[in-house]
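The chain contents come next:
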Amino acid sequence: LSQMITDESNRLRLQVEKVLQMAQFDTNEIDLNLVQTNIHEQIKKAAASVQILLDERNGELKFELDAKHPEMKIDQLHFANIIRNLLDNAIKYCAENPKILIQTSDSKNGITIKVSDNGIGIDSTRKKQVFEKFFRVPTGNVHNVKGFGLGLYYVKTLIEAHNGTVDVTSGSNGSTFIIFLPYLK
């Protein structure tokens, strides 16, 4: 019970932080603290923070961190939140045991990161809307997934602040979020 209260308190704190950050983003004041970082290490740290949620759902997380040059300038806090948001969604929107794969690969002038899951997927007509502020995919009268529709908006806003891009491919067997981050000079 104590752990549940702590977890819910942390979740609420993170939601409040997201709302405050969204207000800051609306004024176009995104202040990144760019530090040369090994993104593979950052991905693993962020993934460790959702391990309890995965364990509760008998989930599985695999890594294929194949980028040969994983050192880049990123805001470590925001990058960790980006990865956590994607993993959290992969867990929440999975009807069965979550299976998540995080991949990195070298791209021209940067790195591509893919987060794939076996979740319920996103209807093709809704794919671009999922990155809009407060948008939540309609599920009829079923509201079993908690959230405010800010997570993917946050992801897109912060990836773009890093001069990157984010996109999603999806089907009935899951979704893949594809992030490109350029090497910053």
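Data block above holds the structure.
The structure contained in this document is the topic of the report that follows. (Residues numbered from 1 in each chain as written. Predicted model: local features only at pLDDT ≥ 70, side-chain atom pairs only at ≥ 80, totals over all residues. Heavy atoms only, no water.)

## Comments concerning the pairing of strand E7 (residues 174-182)
The element E7 is largely enclosed, with a buried count of seven among its nine residues. Judged from the seven bridges that link them, strand E5 (residues 110-116) and E7 form a sheet pairing that is antiparallel. Bridging from a neighbouring strand, Ile 113 pairs with Ile 179 of E7. Connecting strand E6 (residues 165-171) to the antiparallel partner E7 that follows it, the hairpin turn spans two residues. (Buried < 20%, exposed > 50% of the residue type's maximum accessible area, 1.4 Å probe, protein only. Helix = DSSP H or I, 4+ residues; strand = E, 2+ residues; numbered from the N terminus. Pairing = 2+ DSSP bridges.)

## Some words on the packing of helix H4 (residues 76-92) against helix H5 (residues 151-161)
Put simply, H4 and H5 touch, their axes get as near as 9 Å, and they point 145° apart. The two elements H4 and H5 cross, and the hand of that crossing is left-handed. Here H4 contributes His 78, Asn 81, Ile 82, Asn 85, Leu 86 and Asn 89 to the contact with H5, which in turn contributes Gly 151, Leu 152, Tyr 154, Val 155, Leu 158 and Ile 159. Partitioning the contact of H4 with H5 into residue classes produces seven nonpolar, five polar and no charged. (Axes fitted to C-alpha atoms, helices over the stretch in contact; angles between N-to-C directions. Left-handed = near helix turned anticlockwise from the far one by under 90°. Contact = heavy atoms within 4.5 Å. Nonpolar A, V, L, I, M, F, W, Y, C, P; charged D, E, K, R; others polar.)

## With respect to the nonpolar core
Judged by nonpolar contacts, the single largest core of 38 residues is most densely connected at Leu 87 and Ile 113. With eight residues, H4 is the single largest residue contributor to this core. Those residues in contact with Ile 113 that lie beyond four places of it in its chain are Ile 39, Ile 43, Phe 79, Ile 102, Gln 103, Thr 104, Phe 177, Ile 178, Ile 179 and Leu 181. (Core = buried A, V, L, I, M, F, W, Y, C linked by side-chain atoms within 4.5 Å.)

## Side note on the pattern of salt bridges
Counted according to the given criterion, the structure contains three salt bridges. Glu 60 is the partner of Lys 62 in a salt bridge, and the nearest nitrogen-oxygen pair spans 3.4 Å. Overall, the relative accessible area of 33% leaves Glu 60 in the partly exposed class. Between Glu 160 and Lys 156 there is a salt bridge, and its shortest N-O distance comes to 2.7 Å. With a gap of four residues between them, Glu 160 and Lys 156 both fall in helix H5, about one helical turn apart. (Salt bridge = Lys/Arg side-chain N within 4 Å of Asp/Glu carboxyl O.)

## Here we look at the sheet that holds E5
Strand order in the open sheet formed by five strands is E2-E4-E5-E7-E6, and the pairing between neighbours is mixed. The open sheet has two edge strands, strand E2 (60-65) and E6, and neither has a second partner. Sheet twist, expressed as the mean angle between neighbouring strand axes with direction ignored, is 15°. Bridging between E2 and strand E4 (residues 99-107) involves six bridges; their strand directions are parallel. Looking at E4, one finds that Leu 61 is bridged to Ile 100.

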